[in-house]
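# Remarks on the overall topology
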Amino acid sequence: MSDSSFLSDSLVDRFGRMHRSLRVSVTDRCNIRCFYCMPAGPLAFLPRQEVLTYEEIARVARVATSLGIQKFRITGGEPLVRSEVWRLVDRLVCIDGVEEVALTTNGLLLAEQATQLARAGLDRINISLDTLREEIFERIARHRGLYRVLDGIAAAQDAGFTKIRLNALSIRGLTEEDIVPLAAYAFERGLELRFIEFMPLDADESWKTERVLSGDAVRAVIEDTYGPMIPVTRQDPSQPAVDFEFADRPGRIGFINPVTAPFCGDCDRLRLTAEGQIRNCLFSTREWDLRSLLREGEIDDAELAAQFAAAVTEKKAGHVIDTPAFLRPERAMYQIGG
Ligand code: SAM
Ligand code: SF4
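The paragraphs below set out a description of the structure included in this document. (Residues numbered from 1 in each chain as written. Chains lettered and ligands numbered in written order. Predicted model: local features only at pLDDT ≥ 70, side-chain atom pairs only at ≥ 80, totals over all residues. Heavy atoms only, no water.)

### Things to note about the site of ligand 1
Operational definition: Proximity criterion: a residue is near a molecule or strand once any of its heavy atoms comes within 4 Å of it. As used in this structure description, the phrase polar contact means that two N or O atoms lie within 3.5 Å; if the pair is within protein, one of them must be able to donate a hydrogen and the other to accept it, and residues adjacent in sequence are counted only when both atoms belong to side chains. Any residue that is not Ala, Val, Leu, Ile, Met, Phe, Trp, Tyr, Cys, Pro, Asp, Glu, Lys or Arg is counted as polar, Gly included; the first ten are nonpolar and the last four charged.
In the vicinity of ligand 1 there are 17 residues, among which Y36, G77, E78, S128 and M199 approach most closely. One of the backbone N or O atoms of G77 is found 3.0 Å from a nitrogen atom in ligand 1. One of the backbone N or O atoms of T105 is found 3.2 Å from an oxygen atom in ligand 1. In the shell around ligand 1, the residues fall into seven nonpolar, eight polar and two charged.

### A word on helix 9 (residues 301–313)
In plain terms, the rule: Elements are defined by DSSP. Helices are runs of H or I of four residues or more, strands are runs of E of two residues or more, and each kind is numbered from the N terminus. By this rule, a helix spans an expected 1.5 Å times one less than how many residues it contains. Contact between two residues is taken to exist if any of their heavy atoms lie within 4.5 Å; hydrogens are not considered.
The end-to-end C-alpha distance of helix 9, which contains 13 residues, comes to 18 Å, matching closely the 18 Å that a straight helix rising 1.5 Å per residue would cover. At its buried positions, helix 9 is contacted by strand 1 (21–25), helix 1 (54–66), strand 10 (269–272), strand 11 (277–279), strand 12 (288–289) and helix 8 (291–294). One side-chain oxygen of the residue at the start of helix 9 lies 2.8 Å from the amide nitrogen of A302, identifying that residue as D300.

### Re the pairing of strand 3 (residues 100–105)
Defined as follows: Partly exposed residues are those whose accessible area sits between 20% and 50% of the maximum for their type, while under 20% is buried and over 50% is exposed, using a 1.4 Å probe and protein chains only. Here, any two strands with at least 2 DSSP bridges between them count as paired. The handedness rule is simple: strands pointing away from the viewer, and a clockwise path from the first strand over the helix to the second, make the crossover right-handed.
With respect to burial, strand 3 is a largely interior element, six of its six residues being buried. Relative to strand 3, strand 2 (residues 71–75) is paired through four bridges, and the arrangement is parallel. Bridge pairing in strand 3 links I74 to L103. As for the winding sense of the linkage, the β-α-β connection from strand 2 through helix 2 (residues 86–93) to strand 3 is right-handed. Taken together, strand 3, helix 3 (residues 110–120) and strand 4 (residues 124–128) form a β-α-β motif whose crossover is right-handed.

### Quick word on the packing of aromatic side chains
What counts, and what does not: Pairs were defined over the aromatic rings of Phe, Tyr and Trp, the Trp ring being its six-membered one, requiring ring centres within 6.5 Å. Orientation was assigned from the angle between planes: stacked under 30 degrees, edge-to-face over 60, tilted for the rest.
Counted according to the given criterion, the structure contains eight aromatic pairs. Look at Y226 and F246: their rings are 5.6 Å apart centre to centre, the planes differ by 50°, and that puts the pair in the tilted class. Pair noted here: Y226 is in helix 7 (residues 215–226) and F246 is in strand 8 (residues 242–246), with a separation of 20 residues, a long-range link. Side by side, Y226 and F246 carry an identical accessibility label, which is buried. Between F283 and F326, the ring centres sit 5.4 Å apart and the planes meet at 70°, which makes this aromatic pair edge-to-face. Of the two residues, F283 sits in the loop between strand 11 and strand 12 while F326 sits in the loop between helix 9 and helix 10 (333–336), which places them 43 residues apart along the sequence. Residue classification places F283 among the buried residues on the basis of a relative accessible area of 9%. Three or more aromatic residues joined by ring pairs make a cluster, and in this case those are F35, Y36 and F198.

Remember, this is a structural readout, not a statement about activity or role.
What follows is the structure, encoded as structure tokens:
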């Protein structure tokens, strides 16, 4: 059965947080190996049959939308390594109640796919770009390819995307010199830019507090070059970034500071892993299985909805990174969907 019209607005948790956003991982595979995400050594990816089909994801999305989810973000792993991901975009944008479909990519395959993604109706692209130096790109990604990412960004602009955001992960001792060039690059092209703090979600467990380059430290570097910045009043409190503008020149930069200034109190996000498990947080230690239900045969949408409701009911107040109470999740970032 697929009639889910009887369901509405049940994704409110114990802390009054209404969930409006679902991050959908379409694969755990990737064409690079960023040290803050994937292991250096050999790894076993999910067998194809364990990964949800686009049809299964679309069904989950219809149920989620009936419960109040309005925004979808397609991620991974690297979503553009999955075959014809624009076909999923095409399905999601057609669902009643969907306000935005976005995609997060490392950009390496974007030049080839930007036009198809735009035609399918993708609203927004977030492209990860931590550095403009090829040698640092290679140290981070354990792979060459910065020029392909830059080509991908240009292709997204050429394809007509107006909502393009660059996400730059900052690592102490590695990316300090990239801060100002990245800001200049974004300003010149009219792109949004957000700096993100390194979180303990790397497969190699090399994360240390000392490697976190805080958003405040990044902003200080920008202010040294461009002058003082002032915080912008947030239009949407569920947005994880705090945006800053310059006091006396145009330009805006966002800072996502999950380690030094957690924003869990306003979180409106749920996640669906590539193999169909709901997570209520990046740092969730439990998952709610949709894939088994989806593949059991004639199950009612209400059973899928009940899993979403259970995940939301059990959502904790927040993560406690960098405190003794912190529990590292068993999965690394590429297995969750960032
Ligand atoms: N492959 C795509 C990409 O890199 O954009 C999408 C998936 S990736 C897991 C999504 C985002 O998570 C990227 O912007 C990446 O920089 C970020 N990320 C990965 N590992 C992280 C970590 N340990 N801490 C903070 N952000 C991380
Ligand atoms: Fe791949 Fe994205 Fe993880 Fe880098 S952050 S290894 S690009 S999934």
